[in-house]
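Listed below are the residues making up each chain.
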Amino acid sequence: MAKAKTASIPALTLSDLKKQLRTKTLNPVYFIYGEDSYGIEKAGKGIYEVIAPDLVSDFDNEVIAASEASFQDVLSAALAFPFSGDRKIVTVKNAEELSYDRKPFVQYIKQPAESTVLVFLHQGVPARKDSEEHFKLLAEKGYLYEAKELNEQVIRDWVIAFTEEQGKRISEVNAALLCNLVGDDRMLLEKQLEKLFLYSAEVKEITETMITNQVVSTKEFTVFQLQDMIAKQNKPEAYRILTALLYQGVAPLNILGVLAKYFMNLLKIDEIMKTKTDNYTAAKMMGVPAFVVDQYRQARRLYSEAMIASAIRALLEADVALKTSTGEPEHIFLTLLHSMMEKK
């Protein structure tokens, strides 16, 4: 008989957490996990900001790096009385590196310290979330929150909203351009936006020229220069830029994500070319700046359908290799580039 699949334990969302924090009430325990690192970090800060007025001493704001502590260290900190005053907060960062002692954790969830707010910030989804007793109990108590990975449209909308909060404006096309250049890491996007706000001074609109000058010029090379060389099937220049990007510390999976989107858009451009859609409309359909649509048209004439299919397969293989292999990223990417630009 087949083993029954374990039911997924439901978690609250970061939107639920924001609503709660607006009421200025706090849980005794928060376990926040997921793929949205920026959201997790902001959630931790939001909880601290609510309790901060009640903290009499800096010693009552304790931050623990999970890589340097045991689970017993965490519980001891949570159970200890505040240094002064009636409240304290204990925040465990990178909680995914902590080895949990199940029974003591379950006991603490059932009877948490009255004076402590204990916060776990866990990057990624816990491996045994749906089978461990403490996760079930966290969910039942309303202490479990998931920071889900955001899609491209949501991140672009966030860029627009964040810009408006600062009294500035950015169009959807330019928000897409910024996301294409920086990636979907909202911490990096926020830093680039803050730089653009300073650069724009009294000007309200964040323009394409500002983004190109201020964001692109801060990098020796960009993933989009690599993409351009792949589009032109210029192997020597593609190899050179790839090596430089990895040397600069650009995350391999970020490079892979940009290239994957590029080849998926090469498939979309077929229909756009058949219907003679204008560049502005095509840009919205593809989620790219209008000025690059013609580049997609030109690249599609160089890449056959078989070549695009081969490239997408190679991207999937590279994704698996980067996540599971101990091999050097440079070797994985060199193999990938060879497959992507091989004539079919």
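Remember, it's a predicted structure, so these values are computed and weren't measured experimentally.

## A short note on the overall build of the chain
Working step 1: When its secondary structure is counted, the chain shows 16 helices and eight strands.
Working step 2: Each of the three principal axes of the chain carries a C-alpha extent, and together these read 70 × 65 × 40 Å.
Working step 3: Per-residue burial for the chain yields a buried fraction of 45% across its 344 residues.
Working step 4: With the model as given, the accessible surface of the chain reaches about 18400 Å², and the carbon-plus-sulfur share is 52%.
Working step 5: Separation between the mean location of the 42 positive side-chain charges and that of the 47 negative ones in the chain comes to 5 Å.

## Considerations on helix α8 (residues 186–200)
Working step 1: With 15 residues, α8 should cover 21 Å at 1.5 Å per step; its first-to-last C-alpha distance of 20 Å lies within 8% of that length.
Working step 2: In the stretch just after α8, A201 is the one whose phi turns positive, near 50°.

## A word on the packing of aromatic side chains
Working step 1: Tallied over the entire structure, the rule returns 16 aromatic pairs.
Working step 2: Ring centres of F31 and Y100 lie 6.1 Å apart, and the angle between their planes is 50°; on these two criteria the pair is classed as tilted. One end of the pair, F31, is in strand β2 (residues 29–34); the other, Y100, is in the loop between β4 (88–93) and α4 (102–110), with 69 residues separating them in the sequence.
Working step 3: Measuring from centroid to centroid gives 5.3 Å for F31 and F135, while their planes differ by 90°, and the two rings are edge-to-face. Of the two residues, F31 is situated in strand β2 and F135 in helix α5 (residues 133–141); the sequence distance between them amounts to 104 residues.
Working step 4: For F135, a relative accessible area of 4% puts it in the buried group.

## Topic: unusual backbone geometry
Working step 1: Look at N94: it is not a glycine, yet its phi comes out positive at around 50°.
Working step 2: Mapped onto the elements of the fold, N94 is located in the loop between β4 and α4.
Working step 3: Residue class for N94 comes out partly exposed when judged on its relative accessible area of 35%.
Working step 4: With phi around 55°, Q233 is a residue other than glycine that occupies positive phi space.
Working step 5: Relative to the helices and strands, Q233 is located in the loop between α10 (223–231) and α11 (235–248).

## Some remarks on the packing of helix α13 (residues 279–286) against helix α14 (residues 293–302)
Packed helix pairs are characterised by how far apart their axes lie and by the angle those axes make with each other.
Working step 1: Where α13 contacts α14, the two axes come as close as 9 Å, and the packing angle between them is 80°. Considering their axes alone, α13 and α14 lie roughly perpendicular with respect to each other. Where α13 abuts α14, its residues N279, A282, A283 and M286 lie against V293, D294, Y296 and R297.

## Brief notes about the confidence of the model for the chain
Working step 1: Across the chain, pLDDT averages 85, with 94% of residues at or above 70.
Working step 2: Predicted confidence is poor over residues 1–6, with pLDDT under 50, and the contacts of this stretch with residues over four places away or in other chains come to two contacts.

## Describing helix α2 (residues 37–51)
Working step 1: The terminal C-alpha atoms of α2, which comprises 15 residues, lie 22 Å apart, in line with the 21 Å expected from a rise of 1.5 Å per residue.
Working step 2: Among the residues making up α2, those that are buried are Y38, G39, I40, A43, G44, G46, I47, V50 and I51.

## As for the pairing of strand β5 (residues 116–123)
Working step 1: Along β5, seven of the eight residues are buried, which leaves the element largely enclosed by surrounding structure.
Working step 2: With six bridges joining them, β2 and β5 adopt parallel strand pairing. Within β5, the position partnered with I32 by the bridge is L121.
Working step 3: Here β4 runs beside β5; their pairing, made up of five bridges, is parallel. Following the sheet pairing, V90 is matched in β5 by L118.
Working step 4: For the crossover that starts at β4, traverses α4 and ends in the parallel β5, the hand is right-handed.

## Things to note about the pattern of salt bridges
Working step 1: Scanning the entire structure with this criterion turns up eleven salt bridges.
Working step 2: Here D294 ties to R297 by a salt bridge, and the two come within 3.4 Å at their closest N and O atoms. Note that D294 and R297 are positioned in helix α14 at a spacing of three residues, about one turn of the helix.
Working step 3: Taking the relative accessible area as the measure of exposure, D294 reaches 38% and is therefore partly exposed.

Reading the values: the criteria
- Residues numbered from 1 in each chain as written.
- Predicted model: local features only at pLDDT ≥ 70, side-chain atom pairs only at ≥ 80, totals over all residues.
- Heavy atoms only, no water.
- Helix = DSSP H or I, 4+ residues; strand = E, 2+ residues; numbered from the N terminus.
- Buried < 20%, exposed > 50% of the residue type's maximum accessible area, 1.4 Å probe, protein only.
- Areas by Shrake-Rupley, 256 points an atom, 1.4 Å probe, with all protein chains shown as cover.
- Lys, Arg positive; Asp, Glu negative; His and termini not counted.
- Charge placed at Lys NZ, Arg CZ, Asp CG, Glu CD.
- Expected span 1.5 Å × (residues − 1).
- Phe/Tyr/Trp six-rings, centres within 6.5 Å; stacked < 30°, edge-to-face > 60°.
- Axes fitted to C-alpha atoms, helices over the stretch in contact; angles between N-to-C directions.
- Parallel < 35°, antiparallel > 145°, perpendicular 65-115°, else oblique.
- Contact = heavy atoms within 4.5 Å.
- pLDDT = per-residue confidence, 0-100.
- Pairing = 2+ DSSP bridges.
- Right-handed = clockwise from strand over helix to strand, strands pointing away.
- Salt bridge = Lys/Arg side-chain N within 4 Å of Asp/Glu carboxyl O.

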